4 protein chains.
Amino acid sequence: MSTKIPVTVLGATGVVGQRFVRRLANHPLFRVEHLAASERSAGKRYRDACAWRLDGEPYGGLGDQVMAEGTPEFALSPVIFSALDTGPAKELEPAFARAGAMVFSNAAAFRMSPEVPLLVPEVNADHLGLLEVQRHHHGWTGGIVTNANCTATVLVMALAPLHQAFGIEAVMMTSMQAISGAGYPGVASLDILGNVIPFIRNEEPKVEEETPKMLGRFTGKDVELAPMLVSALCHRVPVIEGHTEAVSVKLKGNPSLDAVRDAWLAWRPEPQRLKLFSAPPVPIHVHTLEDRPQVRRDVETDEGMSVHVGRLRPCPILGVKFALLGHNTERGAAGGSILNAELAHAKGYLR
Amino acid sequence: MSTKIPVTVLGATGVVGQRFVRRLANHPLFRVEHLAASERSAGKRYRDACAWRLDGEPYGGLGDQVMAEGTPEFALSPVIFSALDTGPAKELEPAFARAGAMVFSNAAAFRMSPEVPLLVPEVNADHLGLLEVQRHHHGWTGGIVTNANCTATVLVMALAPLHQAFGIEAVMMTSMQAISGAGYPGVASLDILGNVIPFIRNEEPKVEEETPKMLGRFTGKDVELAPMLVSALCHRVPVIEGHTEAVSVKLKGNPSLDAVRDAWLAWRPEPQRLKLFSAPPVPIHVHTLEDRPQVRRDVETDEGMSVHVGRLRPCPILGVKFALLGHNTERGAAGGSILNAELAHAKGYLR
Amino acid sequence: MSTKIPVTVLGATGVVGQRFVRRLANHPLFRVEHLAASERSAGKRYRDACAWRLDGEPYGGLGDQVMAEGTPEFALSPVIFSALDTGPAKELEPAFARAGAMVFSNAAAFRMSPEVPLLVPEVNADHLGLLEVQRHHHGWTGGIVTNANCTATVLVMALAPLHQAFGIEAVMMTSMQAISGAGYPGVASLDILGNVIPFIRNEEPKVEEETPKMLGRFTGKDVELAPMLVSALCHRVPVIEGHTEAVSVKLKGNPSLDAVRDAWLAWRPEPQRLKLFSAPPVPIHVHTLEDRPQVRRDVETDEGMSVHVGRLRPCPILGVKFALLGHNTERGAAGGSILNAELAHAKGYLR
Amino acid sequence: MSTKIPVTVLGATGVVGQRFVRRLANHPLFRVEHLAASERSAGKRYRDACAWRLDGEPYGGLGDQVMAEGTPEFALSPVIFSALDTGPAKELEPAFARAGAMVFSNAAAFRMSPEVPLLVPEVNADHLGLLEVQRHHHGWTGGIVTNANCTATVLVMALAPLHQAFGIEAVMMTSMQAISGAGYPGVASLDILGNVIPFIRNEEPKVEEETPKMLGRFTGKDVELAPMLVSALCHRVPVIEGHTEAVSVKLKGNPSLDAVRDAWLAWRPEPQRLKLFSAPPVPIHVHTLEDRPQVRRDVETDEGMSVHVGRLRPCPILGVKFALLGHNTERGAAGGSILNAELAHAKGYLR
């Protein structure tokens with residue numbers, strides 16, 4: 001235990017914060033040093049500050065741990081996992097980086113900052129190199145690494161092998177997103193029971209701008225956005241966990257469906273080769289049953305860290321269309337951030 | 001009452017059949033002469049043969065009417081509304097047409113037959129002219145008029161004014177469809193509660209082939225398909241009534257969003273000019289609230305006969321995208337067929 | 001129009017307030033003079049202050065009306081409909097009564113006050129007599145009339161004819177309550193989708209104490225509680241509108257099931273005899289189908305003003321059990337209050 | 001492996017059958033010899049005959065096993081787990097017993113037969129003694145052991161320690177039952193989305209007659225029914241897995257709530273003492289949070305083998321009321337039958 005790296009969870013009481021805590025409870029590399037949230041929670045035991053909503057051991061076994069105020073003064077650890085909202089993240093995450101911590105953030109605040117890696121380890125492990133740029137630029141000893149919007153993360157997992165194999169010219173993505181993505185209390189039941197809401201604030205721009213950054217090329221000093229058109233149409237549906245995405249894609253050279261399938265099946269990116277602890281053995285499951293993947297039945301596979309594709313078929317407009325599914329609060333949030341930290345550790349970015 | 005046109009409802013016990021009966025209960029033009037279904041129901045009272053599932057007056061006030069066997073021998077009326085499945089429709093609808101009846105069908109059997117109008121009165125009223133071709137070709141005194149697949153019907157309502165104003169080159173449509181579209185018992189609750197199913201058998205091909213026919217040009221002897229690319233991605237979601245569609249469209253000349261909105265607002269097609277009984281006063285409602293239309297809140301407007309658009313915005317790939325909503329078992333089924341018959345009456349096709 | 005009684009709706013922007021407004025839009029007796037809510041809304045147009053969530057004409061046609069602050073100084077009318085929360089109701093309702101208004105309240109604040117009628121017109125019309133006691137006691141020219149908790153209101157509608165015919169000794173009631181009962185945003189979707197919550201704060205005590213008051217005897221100066229045992233077990237379920245109740249009841253003399261059914265069928269209480277505008281023609285619908293009433297299918301009957309019973313059968317413990325259903329935000333809230341005002345008008349309590 | 005007892009699963013393709021297979025996949029005592037279903041499935045591989053609907057390894061790893069016809073001629077093993085419907089069970093289960101097999105049945109066919117144990121190991125382990133009576137009576141070398149209706153099983157788990165500690169005089173139970181209890185396809189989604197159905201065929205009589213048998217006293221030659229009144233009010237709600245029950249109970253001597261709680265907490269019945277493989281370490285979880293247990297959050301605890309109580313409070317009519325929750329297709333079906341077999345093995349009833 002003593003050799004594990006101490007970490008802080010910022011925003012530990014929320015929907016994503018709880019998933020951080022649960023995942024870290026038995027992590028081989030990290031141990032929770034500080035559970036932090038707003039000033040209001042500081043000094044309370046985690047079990048008193050937090051309405052635990054996950055199955056498994058309540059409070060990740062940390063119910064009696066006393067919460068700290070979420071500032072560098074009270075909650076500094078070498079590694080910070082941030083489940084903060086955008087507003088607080090904007091202020092606090094740089095403060096922690098300046099104080100020497102490596103911040104792995106789930107917040108939107110710095111995702112599009114040129115010197116911040118928007119990291120999905122299977123997709124763009126080399127973007128971690130931006131940390132050097134960042135440290136040099138700010139004079140920090142720590143740094144900030146973000147994961148992407150949940151919908152964009154799931155999308156880019158399916159796109160990366162196609163982009164590597166063929167090059168992507170355009171992607172149309174219509175999402176049907178779970179309510180957990182809105183946090184707690186989040187979506188009112190009166191709004192979503194038996195309904196579809198064709199709007200999620202800021203979601204479409206995030207997908208449209210984060211996707212080309214994630215698929216972009218690291219030049220050694222910045223990331224060149226991938227030159228592709230992205231159009232997102234985002235919906236909330238009465239599903240608890242997991243985002244379903246209907247994707248049409250235009251690939252260079254119009255490869256066959258078999259070639260597309262083979263690109264997915266052959267994909268064996270770095271986290272799998274490095275056998276990172278939170279990396280799923282197979283990052284993309286290719287379904288063959290005509291009505292799969294289905295979110296309620298498939299989303300918990302591999303503790304939500306893999307994504308699922310299926311219904312691969314020709315698109316009369318863009319060439320190829322398929323169904324896609326991923327776990328928004330695991331792969332798209334807590335699990336993704338922890339995998340980012342595991343990659344950073346493997347690459348020597350954590351002291 | 002005596003001057004109303006007698007009609008038969010085929011498949012009167014099902015989800016769509018019941019909506020036919022309810023709509024016809026107080027119709028100014030038609031009166032129900034025969035309620036027909038399978039042999040098994042013949043001779044039973046409607047209330048005994050039918051598990052009524054709609055609100056309003058049970059059995060449309062016809063609970064005591066004795067059901068007939070659904071063949072021309074036992075259930076011939078001048079007008080037939082058919083809610084049959086494809087298999088029986090294939091055999092029975094031509095038999096009724098041959099016997100002199102005008103069949104207004106909700107079945108898929110003859111939708112793509114070159115001499116059968118695939119009619120949405122707001123969209124292609126002139127396609128009714130195919131009846132002459134049809135009668136000449138088969139030597140029938142009656143005829144068959146079909147309405148389209150429910151998803152395609154809703155789509156084409158929103159597309160028609162754009163096609164007329166600008167011309168459509170390509171349409172990408174992702175649907176989130178209600179369970180009522182699958183009839184009763186239809187979708188198992190174990191399959192759909194808290195889930196999204198990314199597959200509906202035959203739905204995507206129907207949308208992709210029926211849309212260009214509906215938007216096609218009647219030449220006097222056939223319908224030239226509209227030369228547009230259509231791509232459909234169809235999903236079942238836990239919604240009771242109403243299909244939500246996420247649409248991206250490529251229009252000739254790249255008109256502005258304002259021009260698109262104006263085309264919808266200015267649209268005043270024939271059923272509205274003729275003030276047909278089942279025609280909604282405004283066929284397309286253009287929503288301005290950022291999170292509307294929403295299926296549970298908007299779908300019953302105008303007894304489900306109008307469609308709803310909203311969230312008009314630029315699409316980085318095709319130019320324009322918007323949210324669309326319509327009632328699958330009213331505008332897309334029973335109400336649509338009855339409106340077809342009203343148009344045929346106004347145009348002198350019913351004796 | 002000029003002869004209609006001017007009314008104020010307090011709490012006009014909420015779930016119940018909107019139903020008040022919709023019901024009053026075309027009311028033959030009342031017209032909306034003031035729409036009032038918190039200070040924050042005062043001065044705004046109703047359409048800007050209110051996220052309208054009902055079908056039918058948006059904002060009850062009053063979207064452009066400017067809202068008033070909900071105090072006697074700014075929003076006094078002869079009749080006040082209050083959809084306030086308990087806290088503000090405690091202070092504001094007596095202020096309006098003191099200022100001369102008749103307050104018909106949906107709030108819990110004064111339901112159990114000895115001199116306040118807890119009124120369901122079909123059940124205890126004579127309790128209105130408490131107004132004399134109340135005015136005398138406080139020196140008011142106005143007064144306060146409350147309706148009961150929604151669950152208790154539905155229950156007492158089914159119990160009243162049995163209590164009148166036989167006398168009730170004990171009632172066990174297990175509720176399965178709609179989310180609309182919690183207002184908006186109310187129940188978080190993460191809490192209720194695919195779930196049952198076996199707890200609603202304060203709900204069980206309300207049912208247990210309000211039921212004997214409503215069924216109690218007005219002595220001329222107070223209400224003697226009906227001497228019966230009441231036990232309530234309340235649950236939230238994923239239903240939008242309408243409370244389902246499973247009821248077992250012990251009746252004096254152990255009447256037959258037929259006698260119970262006859263008591264319901266024969267019940268013709270005062271609002272129906274007076275033909276009050278909002279009174280349903282038949283207050284209790286007695287279902288005979290073995291699986292009815294069902295909330296989604298039956299709750300909107302009579303605009304939610306009647307209740308539904310079914311599945312009448314022997315209870316091995318208390319004698320009789322049955323299924324019960326009623327509309328929580330209409331009969332149990334807005335519609336109930338308006339019917340109370342109609343009764344008060346018919347009885348000469350409104351000037 | 002060779003020392004494990006070979007078993008047959010009858011009705012292996014259904015909702016409960018699949019759970020049998022999944023539980024048996026890694027069972028220390030049993031191995032699946034035959035997967036059997038209707039004649040129609042015989043000869044097919046399990047993966048082809050079965051639409052697998054559970055998470056975890058598909059087909060329990062037995063996807064390639066060829067299915068047998070479910071008769072003693074083709075599918076005899078020493079132990080039979082039956083997930084048959086009542087009709088086939090009536091004929092086939094005695095045939096297997098006659099052929100020497102011990103049948104552990106989930107079917108209703110023989111539950112109330114005087115010589116058949118209606119077994120819940122925590123509750124009435126000694127009822128297994130009926131097997132001697134049964135074998136003597138029929139001249140069988142095998143035998144039939146049934147588990148109870150799912151709702152009754154969950155109920156009796158909570159009642160048993162109270163009956164042992166105090167004696168039960170009356171139980172009123174209102175259920176809110178999951179759709180999985182109706183099998184697949186089971187409940188139509190059009191019937192249950194956003195709805196409550198106050199009727200489940202035969203469910204109430206089963207609970208009312210099976211409960212006193214399970215809590216009855218084994219005399220050595222038969223079971224004396226426990227002399228208690230039981231009243232059940234059963235509902236279907238839109239929940240996937242798990243039955244919620246609202247229970248009121250009359251106990252002899254009117255013990256305090258603390259005494260009731262202590263009876264649950266102190267309960268340590270035989271399967272827990274024997275540490276049977278499928279027995280949960282704690283059979284009853286006593287919740288203290290005011291809004292728990294909740295089915296979606298708690299039902300999967302201990303793989304669905306424990307039950308949950310909470311909200312213990314006084315009942316004005318019967319003395320004590322509480323919320324109860326259990327897993328209908330695990331504790332109430334597959335898991336229950338397997339635990340029965342484990343008990344029979346521990347007691348020497350399996351050769």
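Quick caveat, the model's predicted, so the values are computed rather than measured.

*Asks:* For this particular structure, what's the right way to read the side chain of Arg111(B)?
*Replies:* In this structure, Arg111(B) sits in the loop between β5 (102–105) and α5 (121–124). In this structure, Arg111(B) is in contact with Asn106(B), Val116(B), Leu118(B), Thr146(B), Asn147(B), Ala148(B), Asn149(B), Lys206(B), Glu210(B) and Lys213(B), ignoring residues within four places of it in sequence.

*Asks:* Please clarify how the interface of chain C and chain B should be interpreted in this entry.
*Replies:* The parts lose accessible area when they come together, and the size of an interface is often stated as this lost area. Of the residues lining the interface, six residues belong to chain C; the matching set on chain B comes to seven residues. The contact between chain C and chain B buries some 620 Å² in all, and 47% of this surface belongs to carbon and sulfur atoms. The largest per-residue losses of area from chain C upon contact with chain B belong to Arg53(C), Ile240(C) and Arg297(C), which jointly make up 55% of the total buried on that side. The interface formed by chain C and chain B contains zero salt bridges. Across the chain C-chain B interface, the total number found is zero residue pairs in polar contact (both at pLDDT 80 or more). Its residues assigned to classes, the side of chain C that touches chain B shows two nonpolar, no polar and four charged.

*Asks:* What exactly am I supposed to notice about the relation of the copies chain D and chain C here?
*Replies:* Each of the two copies of the chain can be brought onto the other by a rotation about an axis and a shift along it. Mapping chain D onto chain C is achieved by rotating through 180 degrees and translating by 0.0 Å along the same axis, at an RMSD of 0.0 Å. Both copies of the chain, as the preceding transformation shows, are related through a two-fold rotation axis.

*Asks:* How should I be thinking about the relation of the copies chain C and chain B in this particular structure?
*Replies:* With an RMSD of 0.0 Å, the fit of chain C onto chain B corresponds to turning through 180 degrees and sliding 0.0 Å along the axis. Both copies share a contact surface, since 100% of the interface residues of chain C are interface residues in chain B too.

*Asks:* Help me out: how do you make sense of unusual backbone geometry in this one?
*Replies:* Most peptide bonds take the trans form, and the phi angle of most residues other than glycine is negative. A cis amide bond links Tyr184(A) with the next residue in sequence, Pro185(A), at an omega value of 0 degrees. Tracing the backbone through its elements, the reader meets Pro185(A) in the loop between β7 (168–177) and α8 (189–192). With an omega of 0 degrees, the peptide bond running from Arg292(B) to Pro293(B) counts as cis. Phi at Lys275(A) is positive, roughly 50 degrees, even though this residue is not glycine. Along the polypeptide, Lys275(A) turns up in the loop between α11 (270–273) and β12 (284–286). Judged by relative accessible area, Lys275(A) falls into the exposed class, the value being 66%. The backbone phi angle of Asp302(C) is positive, close to 55 degrees, even though this residue is not glycine. With respect to the helices and strands, Asp302(C) occurs in the loop between α12 (295–298) and β13 (307–315).

*Asks:* I keep staring at the pairing of strand β7 (residues 168–177) of chain D and nothing clicks. Help me out?
*Replies:* Residues and elements named next belong to chain D. Here β7 lies mainly inside the structure; nine of its ten residues are buried. The sheet contact formed by β7 and strand β11 (residues 243–251) spans eight bridges and is antiparallel. Within the sheet, the bridge partner assigned to alanine 170 lies in β11 and is lysine 250. In this sheet, strand β10 (residues 229–236) lies alongside β7 in parallel orientation, the contact comprising eight bridges. What sits directly across from methionine 172, in β10, is serine 231.

How each quantity is defined
- Residues numbered from 1 in each chain as written.
- Chains lettered and ligands numbered in written order.
- Predicted model: local features only at pLDDT ≥ 70, side-chain atom pairs only at ≥ 80, totals over all residues.
- Heavy atoms only, no water.
- Helix = DSSP H or I, 4+ residues; strand = E, 2+ residues; numbered from the N terminus.
- Contact = heavy atoms within 4.5 Å.
- Buried area = accessible area lost by both parts, 1.4 Å probe.
- Salt bridge = Lys/Arg side-chain N within 4 Å of Asp/Glu carboxyl O.
- Polar contact = N/O pair within 3.5 Å; in protein donor to acceptor, adjacent residues only side chain to side chain.
- Nonpolar A, V, L, I, M, F, W, Y, C, P; charged D, E, K, R; others polar.
- Least-squares fit on C-alpha atoms with pLDDT ≥ 70 in both.
- Buried < 20%, exposed > 50% of the residue type's maximum accessible area, 1.4 Å probe, protein only.
- Pairing = 2+ DSSP bridges.

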